Amino acid sequence: MIETIGWTIPEWLEAQRESSSDEGLARIIAQVATFSKDDVAFITIASEDFLKAQWKHLQAIPRAKELPLYGVPFAPKDNIDVAGLPTTVACPAFKYEPTKDAVIVQILKAAGAIPICKTNLDQFATGLVGTRSPYGAVPSAFNSEYCSGGSSSGSSNVVARGLAPFSLGTDTAGSGRVPAMHNNLIGLKPSRGAFSATGVVPACRELDCVSVFAQNLRDAKTVFDITAKYDPVDSYSRPLPDIMLPSFGPKPKLAIPDVPQWFSDTENAPLWETAVEEFKAAGVDLVPSDFTPMYKLGACLYEGPWVAERYTVVRRLIESDPDAMDPTVRTIIQLANKFSAADQFDWEHLRRDLVREIETKFADFDGFLVPTAPLSPKIKDVQADPIKLNSKQGTYTNFVNFADMAALAIPAGFRQDGMPFGVTIVGRKHTDYALLDIAQKVLNTKERCLGNLGKKSVVGVTDVIV
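Treat the numbers as computed from the prediction; the structure is a model and nothing was measured.

This part is about the packing of aromatic side chains. On inspection of all chains with the given rule, the structure shows 19 aromatic pairs. Here the aromatic rings of F362 and F368 are separated by 5.0 Å at their centres, their planes lie at 70 degrees, and the arrangement is edge-to-face. A relative accessible area of 4% means that F362 is categorised as buried. A relative accessible area of 4% means that F368 is categorised as buried. Members of the aromatic cluster, joined through ring pairs, are F291, Y295, F362, F365, F368, Y396 and F399.

Set out below in C-alpha coordinates:
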(Lines give C-alpha, C1' and ligand atoms only; values in the text may rest on other atoms or scores of the structure.)
Protein backbone atom coordinates (compact mmCIF):
# COMPACT_ATOMS: atom_id res chain seq x y z
CA MET A 1 0.00 0.00 0.00
CA ILE A 2 1.23 3.52 -0.83
CA GLU A 3 2.90 5.41 2.04
CA THR A 4 0.33 7.74 3.64
CA ILE A 5 2.57 9.52 6.15
CA GLY A 6 2.40 13.25 5.52
CA TRP A 7 -0.68 13.26 3.33
CA THR A 8 -2.87 16.36 3.35
CA ILE A 9 -6.67 16.27 3.39
CA PRO A 10 -6.99 16.35 -0.45
CA GLU A 11 -4.46 13.54 -0.78
CA TRP A 12 -6.33 11.36 1.70
CA LEU A 13 -9.68 12.25 0.14
CA GLU A 14 -8.60 11.38 -3.40
CA ALA A 15 -7.14 8.03 -2.38
CA GLN A 16 -10.13 7.03 -0.26
CA ARG A 17 -12.68 7.97 -2.89
CA GLU A 18 -10.82 5.99 -5.55
CA SER A 19 -10.58 2.89 -3.33
CA SER A 20 -13.00 0.14 -2.47
CA SER A 21 -14.45 0.12 1.02
CA ASP A 22 -12.07 -2.64 2.09
CA GLU A 23 -9.08 -0.79 0.68
CA GLY A 24 -10.08 2.45 2.41
CA LEU A 25 -10.38 0.73 5.78
CA ALA A 26 -7.07 -1.09 5.25
CA ARG A 27 -5.38 2.23 4.55
CA ILE A 28 -6.59 3.67 7.87
CA ILE A 29 -5.59 0.53 9.78
CA ALA A 30 -2.16 0.55 8.17
CA GLN A 31 -1.64 4.19 9.13
CA VAL A 32 -2.54 3.55 12.77
CA ALA A 33 -0.38 0.42 12.83
CA THR A 34 2.65 2.70 12.46
CA PHE A 35 1.88 4.31 15.84
CA SER A 36 3.78 3.13 18.93
CA LYS A 37 2.26 2.84 22.39
CA ASP A 38 5.57 4.22 23.67
CA ASP A 39 5.12 7.42 21.67
CA VAL A 40 4.41 10.19 24.20
CA ALA A 41 2.33 12.10 21.66
CA PHE A 42 -0.48 9.60 22.24
CA ILE A 43 -2.51 8.70 25.30
CA THR A 44 -4.78 6.25 23.49
CA ILE A 45 -4.31 4.66 20.07
CA ALA A 46 -7.47 3.33 18.43
CA SER A 47 -7.72 -0.45 18.19
CA GLU A 48 -8.44 -2.21 14.91
CA ASP A 49 -11.91 -3.14 16.21
CA PHE A 50 -12.62 0.51 16.99
CA LEU A 51 -11.50 1.58 13.52
CA LYS A 52 -13.66 -1.12 11.89
CA ALA A 53 -16.67 0.12 13.86
CA GLN A 54 -16.02 3.72 12.77
CA TRP A 55 -15.68 2.59 9.17
CA LYS A 56 -18.90 0.59 9.32
CA HIS A 57 -20.72 3.66 10.61
CA LEU A 58 -19.27 5.72 7.77
CA GLN A 59 -20.28 3.21 5.09
CA ALA A 60 -23.87 3.32 6.37
CA ILE A 61 -24.16 7.00 5.39
CA PRO A 62 -25.85 7.41 1.98
CA ARG A 63 -23.41 8.45 -0.79
CA ALA A 64 -20.59 8.41 1.76
CA LYS A 65 -17.87 8.98 -0.82
CA GLU A 66 -19.31 12.39 -1.59
CA LEU A 67 -18.67 13.57 1.96
CA PRO A 68 -16.04 16.32 2.24
CA LEU A 69 -13.82 14.31 4.61
CA TYR A 70 -14.60 10.78 3.43
CA GLY A 71 -12.16 8.38 5.10
CA VAL A 72 -9.82 11.14 6.30
CA PRO A 73 -8.20 10.37 9.69
CA PHE A 74 -7.87 12.96 12.44
CA ALA A 75 -6.39 13.18 15.93
CA PRO A 76 -8.49 14.65 18.78
CA LYS A 77 -6.87 15.99 21.94
CA ASP A 78 -7.65 13.90 25.01
CA ASN A 79 -9.98 16.42 26.58
CA ILE A 80 -12.42 15.93 23.67
CA ASP A 81 -14.82 13.01 24.03
CA VAL A 82 -14.79 10.19 21.50
CA ALA A 83 -17.22 7.39 22.29
CA GLY A 84 -15.31 4.12 22.58
CA LEU A 85 -12.04 5.78 23.61
CA PRO A 86 -11.35 6.90 27.20
CA THR A 87 -11.02 10.56 28.13
CA THR A 88 -8.23 11.21 30.64
CA VAL A 89 -7.33 14.91 30.29
CA ALA A 90 -3.83 13.54 31.08
CA CYS A 91 -4.93 12.54 34.59
CA PRO A 92 -5.47 8.79 35.13
CA ALA A 93 -7.52 9.43 38.29
CA PHE A 94 -9.96 11.56 36.24
CA LYS A 95 -10.35 8.99 33.45
CA TYR A 96 -13.84 8.12 32.23
CA GLU A 97 -15.44 6.30 29.30
CA PRO A 98 -17.64 8.66 27.28
CA THR A 99 -20.77 7.18 25.75
CA LYS A 100 -21.23 10.02 23.25
CA ASP A 101 -18.90 11.85 20.92
CA ALA A 102 -18.26 15.52 21.52
CA VAL A 103 -20.45 17.53 19.14
CA ILE A 104 -17.43 18.64 17.10
CA VAL A 105 -16.43 14.99 16.69
CA GLN A 106 -19.99 14.16 15.66
CA ILE A 107 -19.80 16.89 13.00
CA LEU A 108 -16.48 15.65 11.66
CA LYS A 109 -17.65 12.03 11.59
CA ALA A 110 -20.83 13.08 9.75
CA ALA A 111 -18.51 14.70 7.20
CA GLY A 112 -16.68 11.38 6.78
CA ALA A 113 -13.66 11.80 9.08
CA ILE A 114 -12.31 8.98 11.24
CA PRO A 115 -10.88 9.56 14.76
CA ILE A 116 -7.75 7.43 15.17
CA CYS A 117 -6.36 8.25 18.62
CA LYS A 118 -6.45 10.58 21.62
CA THR A 119 -3.43 12.86 21.98
CA ASN A 120 -1.37 13.90 24.99
CA LEU A 121 -1.70 17.30 26.63
CA ASP A 122 -0.70 19.39 29.61
CA GLN A 123 -2.92 18.00 32.34
CA PHE A 124 -6.39 19.58 32.42
CA ALA A 125 -5.24 21.75 29.50
CA THR A 126 -3.25 23.87 31.96
CA GLY A 127 0.03 24.90 30.36
CA LEU A 128 1.72 26.19 27.23
CA VAL A 129 4.70 23.84 27.35
CA GLY A 130 3.59 20.20 26.90
CA THR A 131 5.57 18.90 29.88
CA ARG A 132 2.81 18.57 32.50
CA SER A 133 1.56 15.08 31.79
CA PRO A 134 2.09 11.72 33.54
CA TYR A 135 2.10 10.20 30.05
CA GLY A 136 5.32 12.03 29.25
CA ALA A 137 6.62 15.40 28.09
CA VAL A 138 5.88 15.77 24.37
CA PRO A 139 8.84 17.15 22.39
CA SER A 140 8.80 19.26 19.28
CA ALA A 141 8.72 17.20 16.11
CA PHE A 142 11.98 18.94 15.20
CA ASN A 143 14.13 18.26 18.25
CA SER A 144 13.49 15.88 21.16
CA GLU A 145 15.19 18.28 23.59
CA TYR A 146 12.72 21.10 22.90
CA CYS A 147 9.12 21.57 24.02
CA SER A 148 6.27 20.91 21.65
CA GLY A 149 4.30 23.67 23.32
CA GLY A 150 1.05 23.04 25.11
CA SER A 151 -1.37 22.33 26.19
CA SER A 152 -2.21 20.74 22.82
CA SER A 153 1.19 19.08 22.67
CA GLY A 154 0.33 15.72 21.14
CA SER A 155 -2.12 17.15 18.62
CA SER A 156 0.53 19.43 17.15
CA ASN A 157 3.29 16.82 17.23
CA VAL A 158 1.37 14.16 15.27
CA VAL A 159 0.40 16.54 12.46
CA ALA A 160 3.95 17.86 12.14
CA ARG A 161 5.12 14.25 11.75
CA GLY A 162 2.42 13.52 9.19
CA LEU A 163 0.62 10.91 11.30
CA ALA A 164 -2.69 12.72 10.72
CA PRO A 165 -3.56 15.44 8.21
CA PHE A 166 -5.26 17.51 10.88
CA SER A 167 -5.94 17.41 14.58
CA LEU A 168 -8.09 19.07 17.19
CA GLY A 169 -6.63 20.98 20.09
CA THR A 170 -8.16 23.43 22.52
CA ASP A 171 -7.13 27.01 23.20
CA THR A 172 -7.85 29.05 26.31
CA ALA A 173 -4.61 31.00 26.67
CA GLY A 174 -2.69 30.00 23.55
CA SER A 175 -2.77 26.20 23.51
CA GLY A 176 -3.76 26.09 19.85
CA ARG A 177 -1.12 28.61 18.81
CA VAL A 178 2.12 28.07 20.75
CA PRO A 179 2.33 24.37 19.72
CA ALA A 180 1.79 25.42 16.10
CA MET A 181 4.91 27.57 16.29
CA HIS A 182 7.08 24.85 17.84
CA ASN A 183 5.98 22.35 15.18
CA ASN A 184 5.88 24.54 12.04
CA LEU A 185 2.12 24.29 11.58
CA ILE A 186 -0.98 26.34 10.97
CA GLY A 187 -2.83 26.84 14.26
CA LEU A 188 -6.39 28.10 13.77
CA LYS A 189 -7.99 29.48 16.93
CA PRO A 190 -11.51 30.40 15.89
CA SER A 191 -13.73 33.12 17.25
CA ARG A 192 -15.12 32.15 20.63
CA GLY A 193 -18.25 30.05 20.24
CA ALA A 194 -17.65 29.21 16.58
CA PHE A 195 -16.92 25.55 17.39
CA SER A 196 -19.08 23.61 19.81
CA ALA A 197 -17.52 22.72 23.16
CA THR A 198 -20.20 20.20 24.13
CA GLY A 199 -18.33 17.06 25.15
CA VAL A 200 -15.07 18.92 25.76
CA VAL A 201 -13.68 18.91 29.30
CA PRO A 202 -13.45 22.63 30.07
CA ALA A 203 -10.52 24.63 31.37
CA CYS A 204 -12.15 28.07 31.51
CA ARG A 205 -15.50 27.42 29.92
CA GLU A 206 -16.27 31.03 29.00
CA LEU A 207 -12.94 31.32 27.13
CA ASP A 208 -12.30 27.83 25.75
CA CYS A 209 -12.09 27.30 22.00
CA VAL A 210 -11.55 24.03 20.18
CA SER A 211 -8.73 24.67 17.70
CA VAL A 212 -7.30 23.11 14.53
CA PHE A 213 -3.76 22.12 13.57
CA ALA A 214 -2.93 21.55 9.91
CA GLN A 215 0.05 21.58 7.57
CA ASN A 216 -1.42 24.30 5.38
CA LEU A 217 -4.06 27.01 5.21
CA ARG A 218 -6.27 25.10 2.78
CA ASP A 219 -6.73 22.18 5.18
CA ALA A 220 -7.27 24.46 8.17
CA LYS A 221 -10.00 26.34 6.32
CA THR A 222 -11.62 23.09 5.19
CA VAL A 223 -12.00 21.96 8.80
CA PHE A 224 -13.26 25.40 9.87
CA ASP A 225 -15.88 25.43 7.11
CA ILE A 226 -17.19 22.04 8.23
CA THR A 227 -17.10 22.42 12.00
CA ALA A 228 -18.11 26.03 12.61
CA LYS A 229 -21.74 25.34 13.49
CA TYR A 230 -24.00 26.74 16.16
CA ASP A 231 -24.74 24.29 18.99
CA PRO A 232 -27.84 25.20 21.07
CA VAL A 233 -26.72 22.78 23.81
CA ASP A 234 -23.48 24.69 24.37
CA SER A 235 -24.36 27.82 26.33
CA TYR A 236 -21.28 29.58 24.98
CA SER A 237 -21.86 28.69 21.34
CA ARG A 238 -22.57 31.60 19.01
CA PRO A 239 -23.81 31.50 15.41
CA LEU A 240 -21.50 33.00 12.84
CA PRO A 241 -22.79 36.01 10.91
CA ASP A 242 -24.67 35.18 7.73
CA ILE A 243 -21.96 37.02 5.81
CA MET A 244 -18.42 36.63 7.15
CA LEU A 245 -15.84 39.31 6.32
CA PRO A 246 -13.72 37.66 3.58
CA SER A 247 -10.89 40.18 3.64
CA PHE A 248 -9.69 43.38 5.28
CA GLY A 249 -9.20 44.86 1.81
CA PRO A 250 -6.08 45.52 -0.25
CA LYS A 251 -4.04 47.04 2.61
CA PRO A 252 -4.88 45.65 6.06
CA LYS A 253 -3.70 47.71 9.01
CA LEU A 254 -2.24 45.72 11.91
CA ALA A 255 -0.59 46.87 15.13
CA ILE A 256 2.71 45.27 16.10
CA PRO A 257 4.54 45.55 19.44
CA ASP A 258 6.75 48.63 19.48
CA VAL A 259 9.20 46.90 21.84
CA PRO A 260 8.78 43.12 21.49
CA GLN A 261 9.52 41.10 24.61
CA TRP A 262 12.02 38.28 24.03
CA PHE A 263 13.26 37.81 27.61
CA SER A 264 16.46 35.73 27.35
CA ASP A 265 16.03 34.59 23.74
CA THR A 266 18.28 35.94 20.98
CA GLU A 267 17.27 33.87 17.93
CA ASN A 268 13.59 34.73 17.52
CA ALA A 269 13.97 38.50 17.15
CA PRO A 270 15.72 38.38 13.74
CA LEU A 271 13.04 36.00 12.43
CA TRP A 272 10.37 38.37 13.68
CA GLU A 273 11.98 41.25 11.79
CA THR A 274 12.06 39.14 8.63
CA ALA A 275 8.38 38.26 9.08
CA VAL A 276 7.51 41.94 9.50
CA GLU A 277 9.19 42.74 6.19
CA GLU A 278 7.37 39.86 4.46
CA PHE A 279 4.01 41.13 5.71
CA LYS A 280 4.85 44.62 4.48
CA ALA A 281 5.84 43.22 1.09
CA ALA A 282 2.45 41.47 0.96
CA GLY A 283 0.70 44.84 1.32
CA VAL A 284 0.03 44.85 5.06
CA ASP A 285 0.39 48.17 6.90
CA LEU A 286 2.19 47.43 10.19
CA VAL A 287 2.18 50.10 12.89
CA PRO A 288 4.45 49.78 15.96
CA SER A 289 2.24 50.34 19.00
CA ASP A 290 2.29 50.23 22.79
CA PHE A 291 0.99 46.78 23.80
CA THR A 292 0.76 47.56 27.54
CA PRO A 293 -3.04 47.09 27.74
CA MET A 294 -2.78 43.68 26.04
CA TYR A 295 -0.02 42.59 28.39
CA LYS A 296 -2.09 43.71 31.40
CA LEU A 297 -5.16 41.92 30.10
CA GLY A 298 -3.25 38.72 29.50
CA ALA A 299 -1.81 38.79 33.01
CA CYS A 300 -5.33 38.67 34.45
CA LEU A 301 -5.83 35.10 33.27
CA TYR A 302 -3.57 33.44 35.82
CA GLU A 303 -3.02 36.26 38.31
CA GLY A 304 -6.76 36.74 38.72
CA PRO A 305 -9.63 34.53 39.86
CA TRP A 306 -10.22 32.85 36.50
CA VAL A 307 -8.20 29.91 37.84
CA ALA A 308 -11.33 29.23 39.93
CA GLU A 309 -13.12 28.25 36.73
CA ARG A 310 -10.53 25.48 36.35
CA TYR A 311 -11.12 24.57 40.00
CA THR A 312 -14.79 23.87 39.31
CA VAL A 313 -13.77 21.13 36.86
CA VAL A 314 -11.44 19.29 39.23
CA ARG A 315 -13.04 20.22 42.57
CA ARG A 316 -13.85 16.66 43.62
CA LEU A 317 -10.41 15.33 42.70
CA ILE A 318 -8.32 18.19 44.07
CA GLU A 319 -10.16 18.09 47.40
CA SER A 320 -10.19 14.30 47.81
CA ASP A 321 -6.94 13.19 46.16
CA PRO A 322 -4.72 16.18 45.32
CA ASP A 323 -1.65 13.98 44.90
CA ALA A 324 -3.30 12.42 41.85
CA MET A 325 -2.68 15.67 39.98
CA ASP A 326 0.47 17.00 38.39
CA PRO A 327 2.06 19.13 41.13
CA THR A 328 2.50 22.20 38.93
CA VAL A 329 -1.07 22.03 37.64
CA ARG A 330 -2.35 21.50 41.18
CA THR A 331 -0.38 24.51 42.46
CA ILE A 332 -1.83 26.75 39.74
CA ILE A 333 -5.43 25.64 40.22
CA GLN A 334 -5.23 25.84 44.02
CA LEU A 335 -4.61 29.58 43.66
CA ALA A 336 -8.39 29.78 43.29
CA ASN A 337 -8.69 29.44 47.06
CA LYS A 338 -7.20 32.87 47.70
CA PHE A 339 -9.95 34.77 45.86
CA SER A 340 -13.32 35.87 47.19
CA ALA A 341 -16.54 36.49 45.28
CA ALA A 342 -15.88 40.22 45.61
CA ASP A 343 -12.41 39.72 44.11
CA GLN A 344 -14.01 38.15 41.05
CA PHE A 345 -16.03 41.30 40.41
CA ASP A 346 -13.01 43.56 40.96
CA TRP A 347 -11.01 41.58 38.42
CA GLU A 348 -13.90 41.34 35.96
CA HIS A 349 -14.31 45.11 36.09
CA LEU A 350 -10.57 45.46 35.41
CA ARG A 351 -10.87 43.06 32.49
CA ARG A 352 -13.74 45.00 30.98
CA ASP A 353 -11.88 48.31 31.42
CA LEU A 354 -8.82 46.88 29.65
CA VAL A 355 -10.92 45.46 26.82
CA ARG A 356 -12.58 48.83 26.33
CA GLU A 357 -9.18 50.54 26.33
CA ILE A 358 -7.97 48.14 23.62
CA GLU A 359 -11.14 48.59 21.57
CA THR A 360 -10.84 52.38 21.74
CA LYS A 361 -7.10 52.62 21.19
CA PHE A 362 -7.12 50.27 18.20
CA ALA A 363 -10.51 51.17 16.72
CA ASP A 364 -8.89 52.17 13.42
CA PHE A 365 -6.91 48.94 13.13
CA ASP A 366 -7.97 45.65 11.54
CA GLY A 367 -6.07 43.66 14.13
CA PHE A 368 -2.63 42.73 15.40
CA LEU A 369 0.47 40.85 14.31
CA VAL A 370 2.53 39.33 17.12
CA PRO A 371 5.22 36.72 17.65
CA THR A 372 3.37 33.53 18.56
CA ALA A 373 5.66 33.04 21.55
CA PRO A 374 8.82 34.82 22.75
CA LEU A 375 10.81 31.69 23.61
CA SER A 376 11.70 28.27 22.21
CA PRO A 377 12.44 26.43 25.46
CA LYS A 378 14.07 23.09 26.09
CA ILE A 379 12.13 20.55 28.14
CA LYS A 380 14.79 20.49 30.85
CA ASP A 381 14.59 24.27 31.26
CA VAL A 382 10.81 24.16 31.67
CA GLN A 383 11.05 21.37 34.21
CA ALA A 384 13.57 23.44 36.19
CA ASP A 385 11.32 26.53 36.20
CA PRO A 386 7.84 25.27 35.26
CA ILE A 387 5.64 28.23 36.17
CA LYS A 388 7.66 31.34 35.34
CA LEU A 389 8.86 30.12 31.95
CA ASN A 390 5.37 28.97 31.01
CA SER A 391 4.01 32.38 31.95
CA LYS A 392 6.43 34.11 29.57
CA GLN A 393 5.19 31.90 26.73
CA GLY A 394 1.74 33.45 27.09
CA THR A 395 2.94 37.01 26.50
CA TYR A 396 1.31 37.29 23.07
CA THR A 397 -1.50 34.75 23.48
CA ASN A 398 -3.19 35.20 26.88
CA PHE A 399 -5.09 38.37 25.99
CA VAL A 400 -6.79 37.08 22.83
CA ASN A 401 -9.75 35.12 24.20
CA PHE A 402 -10.25 37.63 27.01
CA ALA A 403 -10.68 40.31 24.32
CA ASP A 404 -13.03 38.07 22.28
CA MET A 405 -10.74 37.83 19.26
CA ALA A 406 -9.92 35.26 16.59
CA ALA A 407 -6.32 34.26 15.87
CA LEU A 408 -4.31 32.38 13.27
CA ALA A 409 -0.78 31.14 13.96
CA ILE A 410 1.44 30.58 10.92
CA PRO A 411 5.05 29.45 10.35
CA ALA A 412 7.72 32.13 9.97
CA GLY A 413 11.06 30.46 9.33
CA PHE A 414 13.65 28.55 11.29
CA ARG A 415 16.15 29.40 13.99
CA GLN A 416 19.86 28.56 13.79
CA ASP A 417 19.21 25.61 16.13
CA GLY A 418 16.69 24.20 13.63
CA MET A 419 13.59 24.99 15.65
CA PRO A 420 10.70 26.70 13.87
CA PHE A 421 9.46 30.20 14.64
CA GLY A 422 5.98 31.55 14.08
CA VAL A 423 3.79 34.62 14.13
CA THR A 424 0.10 35.08 14.86
CA ILE A 425 -2.46 37.32 13.16
CA VAL A 426 -5.21 38.46 15.53
CA GLY A 427 -8.52 40.10 14.66
CA ARG A 428 -11.91 40.89 16.16
CA LYS A 429 -14.46 38.12 16.55
CA HIS A 430 -15.75 36.65 13.28
CA THR A 431 -12.79 37.89 11.22
CA ASP A 432 -11.62 34.27 10.82
CA TYR A 433 -11.73 34.34 7.01
CA ALA A 434 -10.04 37.73 6.81
CA LEU A 435 -7.15 36.37 8.91
CA LEU A 436 -6.84 33.42 6.52
CA ASP A 437 -6.79 35.87 3.62
CA ILE A 438 -3.85 37.82 5.08
CA ALA A 439 -1.98 34.59 5.79
CA GLN A 440 -2.60 33.45 2.22
CA LYS A 441 -1.03 36.61 0.82
CA VAL A 442 2.08 36.11 2.96
CA LEU A 443 2.59 32.34 2.80
CA ASN A 444 1.79 31.94 -0.88
CA THR A 445 4.71 34.10 -2.01
CA LYS A 446 7.40 31.44 -1.63
CA GLU A 447 7.98 27.73 -1.14
CA ARG A 448 8.04 26.62 2.50
CA CYS A 449 8.46 23.45 4.53
CA LEU A 450 5.33 21.62 5.70
CA GLY A 451 5.53 20.39 9.29
CA ASN A 452 8.68 18.28 9.65
CA LEU A 453 7.93 16.10 6.65
CA GLY A 454 10.63 17.00 4.18
CA LYS A 455 7.81 18.22 1.91
CA LYS A 456 7.56 21.64 0.35
CA SER A 457 4.52 23.76 -0.28
CA VAL A 458 3.41 24.43 -3.84
CA VAL A 459 3.15 28.14 -4.53
CA GLY A 460 -0.33 28.95 -5.80
CA VAL A 461 -1.82 25.71 -4.46
CA THR A 462 -0.96 24.65 -0.90
CA ASP A 463 -1.82 27.85 0.93
CA VAL A 464 -4.58 29.12 -1.37
CA ILE A 465 -7.98 29.30 0.28
CA VAL A 466 -11.16 29.06 -1.75
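What follows continues from the structure just given.
Count 3.6 residues to each turn of an α-helix, and residues three or four apart come out pointing the same way. Listed in full, the buried residues belonging to helix α14 (residues 386-393) are L389, N390 and Q393. Projected onto a plane normal to the axis of α14, the buried residues spread over an arc of 100 degrees and lie on a single side. On its buried side, α14 packs onto α6 (178-182) and α13 (379-384).

Below, the discussion takes up the environment of F399. The residue F399 is located in helix α15 (residues 398-402) in this model. According to the relative accessible area criterion, F399 is buried, its value standing at 1%. Between the C-alpha atom of F399 and that of Y295, which follows or precedes it by 104 residues, the distance is 7.0 Å.

Quick look at the sheet that holds strand β9 (residues 285-289) now. By way of backbone hydrogen bonds, the strands of a sheet pair with one another, either parallel or antiparallel. Within the open sheet, the 10 strands sit side by side as β3-β2-β5-β7-β6-β11-β12-β10-β8-β9. Their pairing is mixed. If you trace the sheet from one side to the other, it starts and ends with β3 (114-115) and β9, each paired once. Each of β2 (73-76), β3, β5 (166-171) and β7 (209-214) is contacted by helix α4 (residues 103-110), which is oriented at about 160 degrees to β5, the strand it contacts most.

Another aspect to go through is the pairing of β2. Here β2 shows a buried face lined by P73 and A75 and a second buried face lined by F74 and P76. Across 2 bridges, β2 lies against β3 in parallel orientation. Its bridge partner lying in β3, F74 is registered against P115. With α4 bridging β2 and its parallel neighbour β3, the resulting β-α-β unit is right-handed. Note: β2 against β5, 2 bridges, orientation parallel. Residue pairing for β5: P76 is matched across the bridge by L168.

What counts and what doesn't
- Residues numbered from 1 in each chain as written.
- Predicted model: local features only at pLDDT ≥ 70, side-chain atom pairs only at ≥ 80, totals over all residues.
- Heavy atoms only, no water.
- Phe/Tyr/Trp six-rings, centres within 6.5 Å; stacked < 30°, edge-to-face > 60°.
- Buried < 20%, exposed > 50% of the residue type's maximum accessible area, 1.4 Å probe, protein only.
- Helix = DSSP H or I, 4+ residues; strand = E, 2+ residues; numbered from the N terminus.
- Arc of directions from axis to C-beta.
- Contact = heavy atoms within 4.5 Å.
- Pairing = 2+ DSSP bridges.
- Axes fitted to C-alpha atoms, helices over the stretch in contact; angles between N-to-C directions.
- Right-handed = clockwise from strand over helix to strand, strands pointing away.

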